[in-house]
Structure formats: C-alpha cells, structure tokens
Amino acid sequence: MKKIFKKYFFSVFVFIFFLIIFIFTRFTYNVTNSLPKGFYFKKIFPKYEKNNLVLFELNKKYLKYLENFPNKNKMRKIYLMKRIAGVYGDKIEIKSGGEILINGIKKGKIFKIKGLNENMKGESYVLKKDEFFVMGDTPTSFDSRYFGILKKKDLKFEMKFLIDEKNLEKIIKYFWN
C-alpha cells in the first residue's frame, strides 16, 4: 500500500494543484453597478453573440473617466464586463441629442463627459465582421457609447452569471449562523 501511495502521490498532488488553479481562475466577481454584482464564470468556449456577457480590458486612456471603480489607479489592467448589444450588420446611430439607437430601436442616451465627447454630433455606423458594441444594464454605464466599438481580439472571455450579491449573502448567513 505504501508503494502505491508513494508512486501516485506526486501525480495526484499535481493534478489537484492544477485543478484548483483552473477552478479559481475561471471565476470573477463584478464590483460595478453596470451589471448585477456577483460571481460570474469565464466560459471555456465563448460565443460572442448579442446579449451575451463579455469581459475585456479597458484601454488605459479611458481610466480617468471611470467613476466609482475601486482601486483603479493601483491596478495594472482594468477589466470591464458588459453585454453585447450590437454585432455584425447592426446599425448603430447616434442622434444629435445623444440618443443611441441600434437597428432603429432606442437603447439609451449618451451623456456628455468633459474631455471625451462634448462635440458629439449625429452619425451612424454599421458594425463589420468581428466588431461589437457593448453596453451595461444601467443608463450610466461606461461602455461603447463612450469608448467605442470593440474588436473580437479585444474580448477576453464570454461570461456566465452564477449568483448575485444578495443571494450570496443569504447563503453565507445560512452557513455562518
């Protein structure tokens, strides 16, 4: 029995170690208000389709426009999670009043941000192959309305919602008390 244990111990240990690393690197916690706060899973085989959630790295030049993002100046990379609102062939229209339409349907408003878009004018654009327009679920989300269209190469993961903050608190309280 000792020989079998010694023979396979290292292999089992390495397997468990990599399994733990894999599991912990596949999860992320959303801290912003643009989508529900909670745990999300990074899908292994992504499908970048309309309404799917995606994780991407924000270009550093937009950091100064992010509000209420914890420790943004201490982080080397800022990742944001948003919902795909526009895909290949969709027409994105910006009206002179700041309304944004996707395929003629009103999707929200662009708020003027000093130094970013104060010279906003009406324009339209049809998304090309491997281009995406992403938006958060709240009207004040910092998304493609401000930093523009994302390319497929910019998207890091498709995300799947697991559990929100309120239900997680209930579970913790249940097991803690």
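That block above? That's the structure.
In this report, the structure presented in the accompanying data block is examined.

Brief notes about a positive patch on the surface
Where like charges cluster on the molecular surface, the positive patch consists of K60, R76, K77 and K156. Mapping R76 onto the fold places it in the loop between strand 3 (53–57) and strand 4 (79–86).

A look at the environment of F161
Note that F161 resides in strand 11 (residues 155–164). Residues F161 and P36, spaced 125 residues apart in sequence, show a C-alpha to C-alpha distance of 8.7 Å. Each residue touching F161, except ones within four places of it in the same chain, is listed here: P36, F39 and Y40.

A closer look at the sheet that holds strand 7 (residues 105–109)
As summarised here, the arrangement of the 4 strands in space is 7-6-5-8, forming an open sheet in which the pairing is antiparallel. In this open sheet, the two edge strands, each paired with only one partner strand, are strand 7 and strand 8 (123–126). Here the strands of the sheet are splayed against their neighbours by 20° on average, with no regard to which way each runs.

A few points about the pairing of strand 3
Among the 5 residues in strand 3, 4 count as buried, and that is most of the element. By the bridge criterion, 5 bridges tie strand 3 to strand 4 in an arrangement that is antiparallel. Across the sheet, the residue bridging to E57 is Y79, located in strand 4.

Let's talk about the packing of aromatic side chains
For the structure on display, the rule yields 9 aromatic pairs. Geometrically, the ring pair formed by Y62 and F147 is tilted, given 6.3 Å between the ring centres and 55° between the ring planes. Pair noted here: Y62 is in the loop between strand 3 and strand 4 and F147 is in helix 2 (residues 144–147), with a separation of 85 residues, a long-range link. Pair check on accessibility: Y62 and F147 agree, each one buried. Counting every residue linked through ring pairs, the aromatic cluster contains F56, Y62, F142, Y146 and F147.

Regarding the nonpolar core
Ranked by size, the top nonpolar core spans 28 residues in total, and within it F56, L58, F133, F142 and F147 carry the most contacts. Among the elements that make up this core, the one with the highest residue count is strand 9 (residues 131–135) (4 residues).

Regarding the side chain of D143
As for its placement among the helices and strands, D143 is situated in the loop between strand 9 and helix 2. Under the relative-accessibility criterion, D143 is labelled buried at 0%. At a separation of 2.8 Å, a polar atom in the side chain of D143 contacts the side chain of R145. Aside from chain neighbours lying at most four places away, what touches D143 is K82, V134, M135, G136 and G148.

Brief notes about unusual backbone geometry
One non-glycine residue, N51, adopts positive backbone phi at about 80°. Of note, N51 is situated in the loop between strand 2 (38–42) and strand 3. One non-glycine residue, D130, adopts positive backbone phi at about 65°. With relative accessibility at 34%, the residue D130 sits in the partly exposed group.

Observations concerning the sheet that holds strand 11
What links the strands of a sheet is backbone hydrogen bonding, and the strands pair in either a parallel or an antiparallel sense. With antiparallel pairing, the 7 strands of this open sheet are ordered in space as 1-2-11-3-4-9-10. Each end of this open sheet is capped by a strand with a single partner; those strands are strand 1 (27–30) and strand 10 (150–151). Relative to strand 11, strand 2 runs antiparallel, the two sharing 5 bridges. Bridging from a neighbouring strand, K42 pairs with M159 of strand 11. Sheet contacts for helix 3 (residues 165–176): strand 1, strand 2 and strand 11; angle to strand 11, the most-contacted strand, approximately 50°.

Here is what the cut-offs are and how they apply
Residues numbered from 1 in each chain as written. Predicted model: local features only at pLDDT ≥ 70, side-chain atom pairs only at ≥ 80, totals over all residues. Heavy atoms only, no water. Patch = residues over 30% accessible without salt bridge, like charges linked within 9 Å, V, L, I, M, F, W, Y side chains within 5 Å. Areas by Shrake-Rupley, 256 points an atom, 1.4 Å probe, with all protein chains shown as cover. Salt bridge = Lys/Arg side-chain N within 4 Å of Asp/Glu carboxyl O. Lys, Arg positive; Asp, Glu negative; His and termini not counted. Charge placed at Lys NZ, Arg CZ, Asp CG, Glu CD. Helix = DSSP H or I, 4+ residues; strand = E, 2+ residues; numbered from the N terminus. Contact = heavy atoms within 4.5 Å. Pairing = 2+ DSSP bridges. Axes fitted to C-alpha atoms, helices over the stretch in contact; angles between N-to-C directions. Buried < 20%, exposed > 50% of the residue type's maximum accessible area, 1.4 Å probe, protein only. Phe/Tyr/Trp six-rings, centres within 6.5 Å; stacked < 30°, edge-to-face > 60°. Core = buried A, V, L, I, M, F, W, Y, C linked by side-chain atoms within 4.5 Å. Polar contact = N/O pair within 3.5 Å; in protein donor to acceptor, adjacent residues only side chain to side chain.

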